[in-house]
Amino acid sequence: MGFFKESYEDGYQFNKSNFNTSTVAVLVIACNRPSISRCLNKLLKYRKSKEQFPIIVSQDCIHERTSQVIKSFGSEITHIHQPDQKEIKVPSKEKKFNGYFKIARHYKWALNQVFNTYNYGTAVIVEDDLDVAPDFFEYFKATLPILQKDRTLWCVSAWNDNGKFALIDRNDPKLLYRTDFFPGLGWMLTRELWIELHKKWPNSYWDDWMRHPDQRKGRSCIRPELSRSKTFGKIGVSNGLFYDKHLKFIYLNEVPVDFTKFNLTYLLKNEYDNNFVGHVYKAPQVNYNELKTKAIKHNDPVRITYYTKNNLKSLTKLFGLMDDFKSGVPRTAYKGIISFTYENRRVYLAPSNDWKGYDPTWQ
Ligand code: UD1
Ligand code: MN
């Protein structure tokens with residue numbers, strides 16, 4: 001490998017990655033939870049190749065019990081420690097959000113380690129309170145070539161924000177989508193993306209920052225119909241209310257799919273925009289009452305059109321979908337389309353045909 005460095009204004013120099021393009025580092029973000037053993041046990045249980053998926057556990061915080069647990073995994077993993085434990089100067093009105101500043105600082109350091117010190121070409125980020133599904137590794141292995149090929153994609157995520165039992169088709173575990181909403185929670189990025197993001201990485205709220213158009217730049221992620229990750233971290237930096245109302249209901253896929261055996265090129269933008277978006281707009285248009293009263297005489301997919309923010313808000317509430325927006329993008333949406341199931345039927349909430357793009361004032 002020839003000598004090659006790229007320097008950035010913040011002093012970072014990136015070495016050219018000398019890893020096989022199919023090597024994917026799994027970066028586990030840890031702090032002070034000894035229950036990280038649950039997360040690591042699942043990762044090790046489902047990982048078939050240590051060479052292909054080296055695991056790096058990056059620990060923030062000084063927490064001896066957690067350090068011991070991580071160390072007990074021995075050479076199955078690499079344990080690194082975020083060195084800067086200084087208190088962060090947080091604006092006084094954000095004091096209670098101190099934790100988000102620490103998380104952002106940790107992510108920046110850990111990702112620099114993965115892509116620059118360890119020099120990997122791709123990483124999957126897993127937080128210490130995530131369970132992963134049996135086919136977690138096959139999912140990322142199979143989608144990596146798609147992520148590398150399609151410049152309009154910037155991540156692959158294991159998470160479906162609307163992945164509750166009643167909202168998914170468990171008969172179709174291999175179904176994948178594109179989404180404009182950055183899901184996080186078990187997600188893959190390439191070093192090219194990190195080289196782009198590291199220079200402007202924020203001091204806090206990194207995930208919402210990612211969702212801002214200045215970062216997203218119109219790019220999408222791949223996400224599954226059935227989640228391949230699930231959080232068990234009820235108590236964390238954000239409050240547990242969200243966990244009890246929503247996160248704990250996410251269904252974690254149990255039937256492994258060997259994604260590497262399937263052709264996933266249908267996820268490339270051109271194909272997807274013709275086929276998936278075309279299919280959505282060909283689905284007959286109905287309204288909520290027709291669905292609710294079982295007035296529809298077939299079992300095929302249907303489409304419900306929304307026109308305004310309030311329109312969409314009330315529909316998401318009626319169906320039990322997530323009802324929030326980030327930078328105007330509803331959770332799981334692709335070109336404004338939200339796909340889910342209602343009483344075992346596929347339903348698409350979709351904007352009208354003349355949709356002009358997301359409106360950041362929708363929040
Ligand atoms: C929520 C998000 C999480 C995101 C975070 C920051 C969900 C379910 N979780 O965190 O994906 O990264 O907001 O916007 O949406 N940690 C540190 N240093 C600390 C504290 C925590 O590194 O000082 C680590 C934890 O080990 C964990 C991660 O940061 O891996 C998230 O912390 P957690 O307490 O789980 O916060 P959430 O509320 O889930
Ligand atoms: Mn968490």
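Provided above is the structure to which this section pertains.
This one's a predicted model, so the numbers in the text were calculated from it and none came from an experiment.

Asker: Summarise the pairing of strand β4 (residues 55-59); cite the residues concerned and give the values.
Answerer: Taking burial as the measure, the five residues of β4 include five buried ones, the bulk of the element. Residues Ile55, Val57 and Gln59 of β4 are buried on one face, and the alternating residues Ile56 and Ser58, pointing to the opposite face, are buried as well. Crossover strand β3 (residues 25-30) to β4 through helix α1 (residues 36-46) is right-handed. Here five bridges tie β4 to strand β5 (residues 77-81), and the two strands are oriented parallel to one another. Looking at the pairing, Ile55 lines up with Ile77 of β5. In terms of handedness, the path from β4 via helix α2 (residues 64-71) over to β5 forms a crossover that is right-handed.

Asker: Now, about the packing of aromatic side chains: what can you tell me, with residues and values included?
Answerer: For any pair of aromatic rings, the description rests on two quantities: the centre-to-centre distance and the angle between the ring planes. Summed over the entire model, instances satisfying the criterion amount to 31 aromatic pairs. Both rings, one in Trp187 and one in Trp206, keep their centres 5.8 Å apart while their planes meet at 20°; by these two values the pair is stacked. With a gap of 19 residues between them, Trp187 in strand β10 (residues 187-190) and Trp206 in helix α6 (residues 206-211) connect regions that are remote in the sequence. We note that Trp187, like Trp206, is buried. Centroid distance Tyr272 to Tyr334: 5.2 Å. Interplanar angle 80°. Geometry classified as edge-to-face. Of the two residues, Tyr272 sits in helix α9 (residues 269-282) while Tyr334 sits in the loop between β15 (329-330) and β16 (338-342), which places them 62 residues apart along the sequence. As far as the burial class goes, Tyr272 and Tyr334 line up, both buried. Of the aromatic side chains, those joined through ring pairs into one cluster are Tyr107, Trp154, Phe182, Trp187, Trp194, Trp201, Trp206 and Trp209. Over the ring of Tyr177 we find Arg223, and its NZ or CZ is 4.0 Å from the ring centre.

Asker: Give me the lowdown on the pattern of salt bridges, citing residues and values where you can.
Answerer: Counted under the stated rule, the structure contains 25 salt bridges. With its nearest N and O atoms 3.4 Å apart, the salt bridge here joins Arg33 to Asp129. Of the two residues, Arg33 sits in the loop between β3 and α1 while Asp129 sits in the loop between β6 (122-127) and β7 (130-132), which places them 96 residues apart along the sequence. Summarising the burial analysis for this pair, Arg33 and Asp129 share the class buried. Between Arg331 and Asp161 there is a salt bridge; the shortest N-O distance is 3.1 Å. Residue Arg331 is located in the loop between β15 and β16, and its partner Asp161 is located in the loop between β8 (153-157) and β9 (176-179); the two are separated by 170 residues in the primary sequence. According to the relative accessible area criterion, Arg331 is buried, its value standing at 8%.

Asker: Residues and numbers for the site of ligand 1, please.
Answerer: Taken together, 21 residues lie near ligand 1, and Ile29, His106, Glu127, Asp207 and Ser238 sit nearest. Contact between ligand 1 and Asp207: an oxygen atom at 2.7 Å from a side-chain N or O atom of the residue. Take Val237: an N or O atom from its main chain is 2.9 Å from an oxygen atom of ligand 1. Contact with the protein chains covers 90% of the free accessible surface of ligand 1, which is 740 Å². Counting residues per element, the ones that place at least two in the shell around ligand 1 are β3, α3 (98-117) and α6.

Definitions and limits used
- Residues numbered from 1 in each chain as written.
- Chains lettered and ligands numbered in written order.
- Predicted model: local features only at pLDDT ≥ 70, side-chain atom pairs only at ≥ 80, totals over all residues.
- Heavy atoms only, no water.
- Buried < 20%, exposed > 50% of the residue type's maximum accessible area, 1.4 Å probe, protein only.
- Helix = DSSP H or I, 4+ residues; strand = E, 2+ residues; numbered from the N terminus.
- Right-handed = clockwise from strand over helix to strand, strands pointing away.
- Pairing = 2+ DSSP bridges.
- Phe/Tyr/Trp six-rings, centres within 6.5 Å; stacked < 30°, edge-to-face > 60°.
- Lys NZ or Arg CZ within 6 Å of the ring centre and 35° of its normal.
- Salt bridge = Lys/Arg side-chain N within 4 Å of Asp/Glu carboxyl O.
- Near = heavy atom within 4 Å.
- Polar contact = N/O pair within 3.5 Å; in protein donor to acceptor, adjacent residues only side chain to side chain.
- Areas by Shrake-Rupley, 256 points an atom, 1.4 Å probe, with all protein chains shown as cover.

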